[in-house]
Amino acid sequence: MKFFIVHAHPEPNSFNGTLTRYAKEVLKTTGHEVIISDLYAMQFNPVSDQRNFTSQKDPNYFKQQVEEMYATVVDGFAPDIKAEMEKLDWCDVLIFQFPLWWFGLPGILKGWVDRVFAMGRIYGDGRFYDNGVFQGKKAMLSLTTSGPLTMYTEIGINGDIHTILYPINHGIFRFVGFDVLPPFIVWNASRIGDERRQAYLEEYKQRLLMINATPPIVYPTLADFDEDFQLKQ
Ligand SMILES: Cc1cc2nc3c(=O)[nH]c(=O)nc-3n(C[C@H](O)[C@H](O)[C@H](O)COP(=O)(O)OP(=O)(O)OC[C@H]3O[C@@H](n4cnc5c(N)ncnc54)[C@H](O)[C@@H]3O)c2cc1C
């Protein structure tokens with residue numbers, strides 16, 4: 001299978017860095033192909049604006065989604081965005097590797113989504129959710145936290161992690177058609193000892209090698225909603 005890992009951590013020797021290098025090694029030695037976009041190493045520009053495009057439909061008023069639809073027709077995406085789109089087309093499995101920052105994605109990774117997931121090319125015209133462009137592909141979050149699991153339950157002080165990750169899993173991955181696999185989470189990454197970290201690496205290896213046998217998160221389908229996009233009774 002073809003794995004595309006989008007890696008967002010400023011320190012190569014962080015545990016996130018270890019997880020990405022380890023995933024690459026495990027997957028390659030088991031016959032898979034791997035491409036990594038290491039966003040900090042690439043100095044990926046996360047700011048979404050006119051620089052997303054090589055030409056502009058309306059140079060007097062910038063409206064991103066209008067320009068995205070135009071760029072889709074005229075092949076007008078900037079080279080850095082086009083390269084990432086081609087990696088998305090190429091892969092069978094997309095993985096985001098990141099530390100949880102403010103209950104969400106680090107800005108550089110959110111900016112990658114803002115710029116790369118373009119209307120016309122990646123979604124739009126009725127192509128969303130189970131009718132999305134990437135239907136048949138899988139996506140998974142692999143993240144670290146500083147809080148322990150107990151803080152991220154329904155009765156935990158931070159609230160349920162699956163509710164926290166819903167905007168990414170459902171609002172980004174599922175929206176563009178991916179089957180979304182349950183996240184792999186290293187809890188309390190900075191405070192656990194080396195032994196526990198080694199155990200997490202082994203758990204991650206098992207998750208990666210079992211990816212085809214892992215059931216995706218179940219979301220309602222488009223057919224479950226009426227013409228106002230409300231769940232049918
Ligand atoms: C802006 C910001 C916002 C944040 N918001 C949140 C939040 O909302 N919720 C939350 O829970 N946390 C939050 N945090 C904390 C953050 O999520 C954690 O610091 C991060 O997840 C820890 O992962 P890391 O890869 O940076 O760990 P690191 O601290 O880089 O690594 C942990 C340890 O692992 C060691 N290590 C590396 N490789 C190996 C290896 N092969 N074997 C064994 N050990 C190894 C490292 O040397 C280090 O000692 C936030 C942090 C920032 C900066």
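In this report, we go over the structure that sits alongside the text. (Residues numbered from 1 in each chain as written. Predicted model: local features only at pLDDT ≥ 70, side-chain atom pairs only at ≥ 80, totals over all residues. Heavy atoms only, no water.)

**Concerning the overall build of the protein**
In step 1: The helix and strand inventory of the protein stands at seven helices and six strands.
In step 2: Ordered by position from the N terminus, the helices and strands of the protein form the series β-α-β-α-α-α-β-α-β-α-β-β-α.
In step 3: Its C-alpha atoms give the protein a radius of gyration of 18 Å, near enough to 17 Å, the size a compact globule of 233 residues would have.
In step 4: With respect to the principal axes defined by its C-alpha atoms, the protein has extents near 55 × 50 × 35 Å.
In step 5: Put simply, 74% of the contacts in the protein that link residues at least 6 apart link residues at least 24 apart.
In step 6: Entry remark: accessible area of the protein is about 11900 Å², with carbon and sulfur atoms responsible for 54%.
In step 7: Considering the protein, the positive charge centre built from 22 side chains and the negative charge centre built from 28 side chains are found 4 Å apart. (Helix = DSSP H or I, 4+ residues; strand = E, 2+ residues; numbered from the N terminus. Rg over C-alpha atoms; globule rule 2.2 N^0.38 Å. Contact = heavy atoms within 4.5 Å. Areas by Shrake-Rupley, 256 points an atom, 1.4 Å probe, with all protein chains shown as cover. Lys, Arg positive; Asp, Glu negative; His and termini not counted. Charge placed at Lys NZ, Arg CZ, Asp CG, Glu CD.)

**Details of the nonpolar core**
In step 1: L88, L94, F96, F98 and W112 are the most contacted members of the largest nonpolar core, which totals 65 residues.
In step 2: Not counting residues within four places of it along the chain, the set of residues in contact with F96 comprises V6, L105, L109, W112, V113, M140, L141, S142 and F173. (Core = buried A, V, L, I, M, F, W, Y, C linked by side-chain atoms within 4.5 Å. Buried < 20%, exposed > 50% of the residue type's maximum accessible area, 1.4 Å probe, protein only.)

**Observations concerning the site of the ligand**
In step 1: Around the ligand, a shell composed of 21 residues is seen, among which H9, N16, T18, T144 and Y152 lie nearest.
In step 2: Within the side chain of H9, a nitrogen or oxygen atom sits 2.7 Å from an oxygen atom of the ligand.
In step 3: For the ligand, whose accessible area on its own is 1000 Å², the fraction buried by protein is 68%.
In step 4: Elements supplying a minimum of two residues to the shell around the ligand: α1 (15-29) and α7 (194-209). (Near = heavy atom within 4 Å. Polar contact = N/O pair within 3.5 Å; in protein donor to acceptor, adjacent residues only side chain to side chain.)

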